[in-house]
Amino acid sequence: MQASTLSNPFVMMTDPETILLAVERSERLNRLNRKVYRPLDRPLIPKVGAARDLLDFDSAIDTAIEDDALEA
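Residues numbered from 1 in each chain as written. Predicted model: local features only at pLDDT ≥ 70, side-chain atom pairs only at ≥ 80, totals over all residues. Heavy atoms only, no water.

1. Here's the deal with the overall build of the chain
Put simply, the rule reads: For the purposes of this entry, the term helix denotes a DSSP run of H or I that reaches at least four residues, the term strand denotes a run of E that reaches at least two, and both are numbered from the N terminus. Between buried and exposed lies partly exposed: a residue is buried under 20% and exposed over 50% of the maximum accessible area for its type, with that area taken using a 1.4 Å probe on protein chains only.
When you go through the chain residue by residue, the secondary structure sums to five helices and zero strands. From first element to last, N terminus to C terminus, the chain shows the α and β order α-α-α-α-α. Per-residue burial for the chain yields a buried fraction of 3% across its 72 residues.

Below is the structure:
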């Protein structure tokens, strides 16, 4: 690669094959420690009774609103 190609990232995008070859041959990149983290691969464990708690909460709010309306 030429120095002008390395200094201008837009020129690098026009020839991605050259860039990929340079990345594959790079000793500095090959010396990096690599580790793959996949935190989203774990299945989500739903809370037992969470839907019921939400229904109870909603009904409590509805009851409070109705009580306030009757008192007014």
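Resuming the write-up.
2. So, a nonpolar patch on the surface
Using the following cut-off: Patch criteria: residues need more than 30% relative accessible area and no salt bridge. Like-charged residues are merged within 9 Å; nonpolar side chains of Val, Leu, Ile, Met, Phe, Trp and Tyr are merged within 5 Å. Per-residue and other accessible areas were derived by the Shrake-Rupley procedure at a 1.4 Å probe size, with only the shown protein chains allowed to occlude residues. Definition used for salt bridges: Asp or Glu carboxyl oxygen within 4 Å of a side-chain nitrogen of Lys or Arg.
The grouping of Leu54, Phe57, Ile61 and Ile65 at the surface amounts to a nonpolar patch, some 400 Å² of accessible area in total. Tracing the chain through its elements places isoleucine 65 in helix α5 (residues 50-71). Owing to a relative accessible area of 54%, isoleucine 65 belongs among the exposed residues under this scheme.

3. A look at the confidence of the model for the chain
For the record, the criterion: Scored from 0 to 100, pLDDT records how confident the predictor is in each individual residue.
For the chain, per-residue confidence averages 77 on the pLDDT scale, and 75% of positions sit at 70 or higher. Ranking the elements of the chain by mean pLDDT puts helix α1 (residues 3-7) last with 61 and helix α4 (residues 27-30) first with 90.

4. Some details on a negative patch on the surface
What counts, and what does not: In this charge count, Lys and Arg are treated as positive and Asp and Glu as negative; neither His nor the chain ends contribute. The atoms used to mark charge sites are NZ of Lys, CZ of Arg, CG of Asp and CD of Glu.
Residues Asp58, Asp62, Glu66, Asp67, Asp68 and Glu71 make up a contiguous surface patch of negative charge. Summarising the element assignment, aspartate 68 is placed in helix α5.

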